[in-house]
Amino acid sequence: MTQLVLAPMEGLVDWRVRQLLSAVGGFDQCVTEFIRVSQTLFPAHVFYRYCPELHQGGTTASGQPVLVQLMGHDPQLLGENAAFAVELGAPGIDINFGCPSKTVNKREAGASLLKCPENLFNIIRAVRAAVPAHIPVSGKIRLGYADKTLFLENARAVEEGGAQHLTVHARTKLEGYKPPAHWEYLARIREVLSIPMTANGEIWTLEDYIRCRNISGCTSFMLGRGAIACPDLAARIKAFETGEAPVKQSWADVLGILLAYIDLLAADGATENHQAGRIKQWVSMMRKGHSAAATCFDEIKRIRDIHDLRAKLTEDRDKPENRHHDKLIAA
Ligand SMILES: Cc1cc2nc3c(=O)[nH]c(=O)nc-3n(C[C@H](O)[C@H](O)[C@H](O)COP(=O)(O)O)c2cc1C
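Residues numbered from 1 in each chain as written. Predicted model: local features only at pLDDT ≥ 70, side-chain atom pairs only at ≥ 80, totals over all residues. Heavy atoms only, no water.

A short note on the site of the ligand
Using the following cut-off: We call a residue near a given molecule or strand whenever any one of its heavy atoms falls within 4 Å of it. Whenever two N or O atoms come within 3.5 Å, that pair is a polar contact, provided that in protein one can donate a hydrogen and the other can accept it, and provided that, for residues adjacent in sequence, both atoms are side-chain atoms. Accessibility throughout is a Shrake-Rupley quantity obtained with a 1.4 Å probe, and a residue counts as covered only by protein chains that appear here. Ten residues, namely Ala, Val, Leu, Ile, Met, Phe, Trp, Tyr, Cys and Pro, are considered nonpolar, four, namely Asp, Glu, Lys and Arg, are considered charged, and the remaining ones, Gly among them, are considered polar.
Contacts to the ligand come from 17 residues, most closely from Glu10, Gln69, Asn200, Glu202 and Arg225. The backbone of Pro8 places a nitrogen or oxygen atom 2.8 Å from an oxygen atom of the ligand. Contact between the ligand and Glu202: an oxygen atom at 2.7 Å from a main-chain N or O atom of the residue. If the ligand stood free it would expose 610 Å²; the protein chains cover 88% of that surface. Among the residues forming the shell around the ligand, the class breakdown is five nonpolar, six polar and six charged.

Here's the deal with the UniProt feature "active site" (unreviewed entry) in the protein chain
Our working rule: UniProt positions are given in the numbering used here, feature names are shortened, and annotations may be inferred rather than shown by experiment. Per the convention used, a helix needs a DSSP run of H or I reaching at least four residues, while a strand needs a run of E reaching at least two, with both numbered from the N terminus.
Under the UniProt annotation, "active site" (unreviewed entry) lies at Cys99. For Cys99, the position within the fold is in the loop between strand S5 (93–97) and helix H4 (102–106).

Section: the environment of Leu328
Where we set the bar: Note on exposure labels: buried denotes an accessible area under 20% of the residue type's maximum, exposed denotes more than 50%, and partly exposed covers the range between, all computed with a 1.4 Å probe on protein chains only. We call two residues contacting when some pair of their heavy atoms lies within 4.5 Å.
Along the chain, Leu328 falls in the segment after helix H14 (306–317). Look at Leu328 and you get partly exposed, because its relative accessible area is 26%. For Leu328 and Ala239, which are 89 residues apart along the polypeptide, the C-alpha to C-alpha distance reads 17 Å. Once residues within four sequence positions are removed from consideration, Leu328 is found in contact with Cys230, Arg236, Gly289 and His290.

Considering helix H11 (residues 251–267)
Heads up, the condition is: A helix is expected to reach a length of 1.5 Å times the quantity of its residues less one.
An ideal rise of 1.5 Å per residue puts 24 Å on 17 residues; H11 measures up with 24 Å between its terminal C-alpha atoms. Turning to H11, its buried residues are Trp251, Ala252, Val254, Leu255, Ile257, Leu258, Leu259, Tyr261, Ile262, Leu264 and Leu265. Here the buried face of H11 lies against helix H1 (15–24), helix H12 (272–286), helix H13 (291–300) and H14. Note on H11: the residue one or two positions beyond its end, Gly269, has a positive phi of about 85 degrees.

A closer look at the pattern of salt bridges
We apply this condition: When a carboxyl oxygen of Asp or Glu is within 4 Å of a side-chain nitrogen of Lys or Arg, the pair counts as a salt bridge.
Under the defined criterion, the tally for this structure stands at 17 salt bridges. In this structure, Asp14 and Arg16 form a salt bridge, with 2.6 Å as the shortest nitrogen-oxygen distance. Take Asp14 and Arg16: they sit in the same class, and that class is buried. Its salt-bridge partner being Asp318, residue Arg317 comes within 3.0 Å of it at the nearest N-O pair. Judged by relative accessible area, Arg317 falls into the partly exposed class, the value being 29%. For Asp318, a relative accessible area of 41% puts it in the partly exposed group.

Examining the packing of H12 against H13
To keep things clear, this is the line we draw: Angles here are taken between N-to-C directions and fall from 0 to 180 degrees, while the axes themselves are lines fitted to C-alpha atoms, restricted in helices to the stretch in contact. An angle counts as roughly parallel when it lies under 35 degrees, as roughly antiparallel when it exceeds 145, as roughly perpendicular when it falls between 65 and 115, and as oblique in every other case. Note on convention: near helix rotated counterclockwise from far helix by under a right angle means a left-handed crossing. Clockwise means right-handed.
Viewed as axis vectors pointing N to C, H12 and H13 meet at an angle of 150 degrees, and their least axial separation amounts to 8 Å. What the angle tells us is that H12 and H13 run roughly antiparallel. Where H12 crosses over H13, the two elements pack in a sense that is left-handed. Where H12 abuts H13, its residues Ile279, Lys280, Val283, Ser284 and Met286 lie against Ala293, Cys296, Phe297 and Ile300. Within the contact of H12 with H13, the residues separate by chemical class into seven nonpolar, one polar and one charged.

Some remarks on the nonpolar core
Using the following cut-off: What makes a nonpolar core is a set of buried Ala, Val, Leu, Ile, Met, Phe, Trp, Tyr and Cys residues whose side-chain atoms join them at distances within 4.5 Å. Residue ranges assigned to each domain were obtained from an automatic or database domain assignment.
Core analysis: the largest hydrophobic core is formed by 104 residues, its most contacted members being Val68, Leu70, Ile93, Phe97, Ile189 and Trp282. Each of two domains, domain 1 (3–242) and domain 2 (251–323), supplies a minimum of three residues to this core. Non-local contacts of Trp282, meaning those with residues more than four positions away in its chain, are made with Val17, Leu20, Leu21, Ile228, Ile257, Leu258 and Tyr261.

Remarks on the UniProt feature "site: Interacts with tRNA" (unreviewed entry) in the protein chain
Here the UniProt-annotated "site: Interacts with tRNA" (unreviewed entry) positions come out as Arg36, Asn96, Tyr177, Arg278, Lys280 and Lys301. For the residues just named, distributed over 266 residues, the greatest C-alpha separation reaches 33.1 Å, placing them at more than one site. By the secondary structure assignment, Asn96 is in strand S5. On the basis of relative accessible area, Asn96 is assigned to the buried category, the value being 7%. Not counting residues up to four positions away in its chain, the partners in contact with Asn96 are Phe34, Gln69, Leu70, Met71, Gly110 and Lys140. At a separation of 3.2 Å, a polar atom in the side chain of Asn96 contacts the side chain of Gln69. Residue position: Tyr177 is located in the loop between strand S7 (165–172) and helix H7 (183–192). We classify Tyr177 as partly exposed; its relative accessible area is 46%. Contacts of Tyr177, omitting those with residues within four sequence positions, involve Pro100, Arg142, His169, Arg171, Glu202 and Arg225.

Given below as structure tokens:
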């Protein structure tokens, strides 16, 4: 059975986006944005800020478990924070070994740890030892830092450290987010691992998913920017796999999600500027998925007032021509 995970995306996939996308369907699991652990054991409110789902058993409103993702370099401190997150209700802990950010990498965290597999082993082992045995620990890696020479060693280090699961973003740190993703490496990692593995990188369409599945041989997939660009991507993949009627989200449905996002942001006290910024960011990213998004973005990009923005999205949502299935853009 195909498993689909909504990718952690800092500054983009907060609890509201997790709630909205998981309600569309198709996703089995989510992961929080990374929580940067560098010097302290965080107080509870920090974990609740990144993962308010901890107040409701660690799952989204529609029931998908939300793993808490930590990023750092100090095995013991990561272990202490992981143990506390679990005490607060985290159903699993994921460790980030893929972040390419310069500030993060100067301090030896994220992707720079991939330069030495022992780093991964030590961190996973400490986190595994710190949390109860029934709580899964996973690692999320890239294929390497500057090149791919250590891709198998890094994957093995995560398994040997005691992780229950590995996610691989099929690019190096230097490759950033540039296509292609090298799915063929995932098949090679799968051959040497006994723990289950999730394939990640560059799945924008159902066709990409099918190619990634065929090349990697994986049955679990993490969707990042593709799910932001097309909120029904996971549901369409699931329908394809189960033989159910394909989901057909109209542009009006997508606009409905954006309007619901404004409501969630407003209810939470986000400033009007922040609300408008998040909506423009999302519509901008939808241009890679929905043909209607380009026009929409051009029309909203100069609207500053959130009330005007809401009115414009509502007007478009209610136009009869937007109730048809929007043309999707192949990546
Ligand atoms: C804006 C942005 C923020 C991200 N934040 C995180 C993060 O907090 N933790 C993480 O492990 N990966 C993060 N990633 C990487 C994604 O989880 C994913 O591995 C990457 O986008 C590749 O998948 P995709 O091609 O489906 O987007 C981020 C990516 C983007 C574009």
